[in-house]
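Residues per chain, in single letters:
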Amino acid sequence: AQSVTQPDIHITVSEGASLELRCNYSYGATPYLFWYVQSPGQGLQLLLKYFSGDTLVQGIKGFEAEFKRSQSSFNLRKPSVHWSDAAEYFCAVGRSYNTDKLIFGTGTRLQVFP
Amino acid sequence: EAGVAQSPRYKIIEKRQSVAFWCNPISGHATLYWYQQILGQGPKLLIQFQNNGVVDDSQLPKDRFSAERLKGVDSTLKIQPAKLEDSAVYLCASSSPAGPLWYEQYFGPGTRLTVT
């Protein structure tokens, strides 16, 4: 069965520091992978996705993620964090033949200190 | 374009009472989803509609939860009777499977339900 693991429940960084949020997935075939962000009181917003091709994908708000098949990982990165990036981040996996069935991880809460 | 609308934003009820949530998806989006997000967990799909037909309700607790999407637009999710473990945020999302952004689900702000 598909599953997504986000090992870090809570991460704190200083503004301007680099960020990496971890995501590991379990799926037998090539997955469709997503990162969503949820700001307080708001719905989830898609940051970026990976379907195939180049394993380094760019998203909105300066985020990028790298798909590593050998490690079953899809980690989210940002070179310099802004205070407005404080939010909860969710990794999700969809099946390649039916991508709208998303399985979400438990999320990582990002706190940014000035 | 207007986003996904949900109401109410907050609801507090006692156990064994009933409650209903409403969702208005983005105009033209054929697919509508209801998710349950319990504190500390990721969203879990409860039910998915394609137009006014149910595509997947395998994780909907049908003894107490029901949902409908009349005319393929708005949708209502009902819980009757509510249990303490139903306390969660209920998220509605929509997507347009025929469009260029077929993979993207657009989420509403959610309804936070507290069952006491």
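Since this is a predicted model, take the numbers as computed values, not measurements.

Asks: In this structure, what is going on with the overall build of chain A? I would like to understand it.
Replies: Scanning chain A from terminus to terminus reveals 0 helices and 12 strands. Order of helices (α) and strands (β) in chain A, N terminus to C terminus: β-β-β-β-β-β-β-β-β-β-β-β. Relative to the globule expectation of 13 Å for 114 residues, the C-alpha radius of gyration of chain A, 13 Å, shows essentially globular dimensions. The proportion of buried residues among the 114 residues of chain A is 48%. Restricting the contact set of chain A to residue pairs at least 6 apart, pairs at least 24 apart contribute 54%. Accessible area for chain A stands at about 5300 Å²; split by element, carbon and sulfur atoms hold 49% of it. Taking the average location of the 10 positive side-chain charges in chain A and that of its 9 negative ones, the two points are 6 Å from each other.

Asks: What is the right way to read the state of the cysteines from this model?
Replies: Two cysteines form a disulfide when their sulfur atoms are joined by a covalent bond. Residue and element names in this part refer to chain A. The tally for this structure, following the rule as stated, stands at 2 disulfides over all chains. At a sulfur-sulfur separation of 2.0 Å, the disulfide partner of Cys 23 is Cys 91. As the torsion about the S-S bond is roughly -65°, the Cys 23-Cys 91 disulfide counts as left-handed. Of the two residues, Cys 23 sits in the loop between β3 (19-21) and β4 (24-26) while Cys 91 sits in strand β10 (residues 87-95), which places them 68 residues apart along the sequence. Here the two residues Cys 23 and Cys 91 agree in accessibility, since each one is buried.

Asks: What is the right way to read the environment of A:Gly41 from this model?
Replies: With respect to the element layout, A:Gly41 can be found in the loop between β5 (32-38) and β6 (44-50). By relative accessible area, which is 47% here, A:Gly41 ends up partly exposed. Apart from the residues within four sequence positions on either side, A:Gly41 is in contact with B:Arg9 and B:Pro109.

Asks: Explain the pattern of salt bridges to me, please; I cannot follow it from the model alone.
Replies: Two side chains bearing opposite charge may form a pair once their charged atoms approach each other closely. All names here are of chain A. Applying the stated criterion across every chain yields a total of 7 salt bridges over all chains. Across the pair Arg 77 and Glu 66 runs a salt bridge whose closest N-O atoms are separated by 3.1 Å. With Arg 77 in strand β9 (residues 73-78) and Glu 66 in strand β8 (residues 64-68), the pair connects residues that are 11 residues apart, well separated along the chain. Look at Arg 77 and you get partly exposed, because its relative accessible area is 23%. A relative accessible area of 23% means that Glu 66 is categorised as partly exposed. Close ionic contact of Arg 109 with Glu 88 constitutes a salt bridge, the shortest N to O distance being 2.8 Å. In this pair, Arg 109 sits in strand β12 (residues 108-113) while Glu 88 sits in strand β10, placing the two residues 21 residues apart along the sequence. Taking the relative accessible area as the measure of exposure, Arg 109 reaches 43% and is therefore partly exposed.

Asks: Just checking my understanding: could you explain the confidence of the model for chain A for this structure?
Replies: Regions with low pLDDT should not have their predicted coordinates read in detail. Across chain A, the average pLDDT comes to 91, with 95% of residues at 70 or higher. Confidence, expressed as mean pLDDT per element, reaches its minimum in chain A at strand β11 (residues 98-104) of chain A with 76 and its maximum at β3(A) with 98.

What counts, and where the lines are drawn
- Residues numbered from 1 in each chain as written.
- Chains lettered and ligands numbered in written order.
- Predicted model: local features only at pLDDT ≥ 70, side-chain atom pairs only at ≥ 80, totals over all residues.
- Heavy atoms only, no water.
- Helix = DSSP H or I, 4+ residues; strand = E, 2+ residues; numbered from the N terminus.
- Rg over C-alpha atoms; globule rule 2.2 N^0.38 Å.
- Buried < 20%, exposed > 50% of the residue type's maximum accessible area, 1.4 Å probe, protein only.
- Contact = heavy atoms within 4.5 Å.
- Areas by Shrake-Rupley, 256 points an atom, 1.4 Å probe, with all protein chains shown as cover.
- Lys, Arg positive; Asp, Glu negative; His and termini not counted.
- Charge placed at Lys NZ, Arg CZ, Asp CG, Glu CD.
- Disulfide = S-S within 2.5 Å.
- Salt bridge = Lys/Arg side-chain N within 4 Å of Asp/Glu carboxyl O.
- pLDDT = per-residue confidence, 0-100.

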